[in-house]
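# Descriptive analysis of the structure
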Amino acid sequence: EDILRFSTEFYGPDPKSSPDYGRIINQRHFNRVMALLDGYTAALGEQSDASQRYIAPTVVKDVPPHARLMQEEIFGPLLPIVTVSDIDDANPLHQREREAPGALRLLLQQEGDKANAG
């Protein structure tokens, strides 16, 4: 919900028509980024237009750490979310990021012990 709100705040209700929302650099990279979504259902976004090399801001939930989406650098508007039960479960993700730096964000719930790293 917050991600949708921020996306709308930045790009309006239709990012495709926003002059501030970029496109994938070329068709080869568009195809590569779209292939990263194979086998997953987006929780938000996933609209695309190959003729414009457009991919909407896309959130993919419950992506396993071994997924291609988690192993490759994305360079596109995809945000994979990995849910872990506690901080110890997130440690292998953190170790992998040290080997191949990219991005790792940790969001903790105020109540309870679940964390999201993506």
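From a predicted model like this one, the values you see are computed outputs, not experimental measurements.

About the cut-offs
Residues numbered from 1 in each chain as written. Predicted model: local features only at pLDDT ≥ 70, side-chain atom pairs only at ≥ 80, totals over all residues. Heavy atoms only, no water. Helix = DSSP H or I, 4+ residues; strand = E, 2+ residues; numbered from the N terminus. Buried < 20%, exposed > 50% of the residue type's maximum accessible area, 1.4 Å probe, protein only. Contact = heavy atoms within 4.5 Å. 1 Å grid on protein atoms, 1.4 Å probe; cavity = no way out; pocket = protein on both sides within 12 Å on 5 of 7 lines; lining within 4 Å. Points joined across faces, edges and corners; volume = space filled by probe spheres on them. Nonpolar A, V, L, I, M, F, W, Y, C, P; charged D, E, K, R; others polar.

### Quick word on the overall build of the protein
A count of helices and strands for the protein gives four helices and seven strands. Listed by position from the N terminus, the elements making up the protein come as α-α-β-β-β-β-α-β-α-β-β. Here the protein holds 118 residues, and 30% of them are scored as buried. Long-range contacts, defined as pairs at least 24 residues apart, comprise 42% of the intrachain contacts of the protein with a sequence gap of at least 6.

### Topic: unusual backbone geometry
Phi at Glu-46 takes a positive value of approximately 85 degrees, unusual for a residue other than glycine. Along the chain, Glu-46 falls in the loop between strand S1 (42–44) and strand S2 (48–49). The phi torsion at Phe-75 lies on the positive side, around 50 degrees, for a residue other than glycine.

### Concerning the layout of surface pockets
Its boundaries defined by the atoms lining it, the second largest pocket holds a volume of some 160 Å³. Examining the composition of the lining of the second largest pocket, we find that four residues originate from one element, helix H1 (residues 2–11), more than from any other. Broken down by class, the residue content of the lining of the second largest pocket amounts to eight nonpolar, five polar and one charged.

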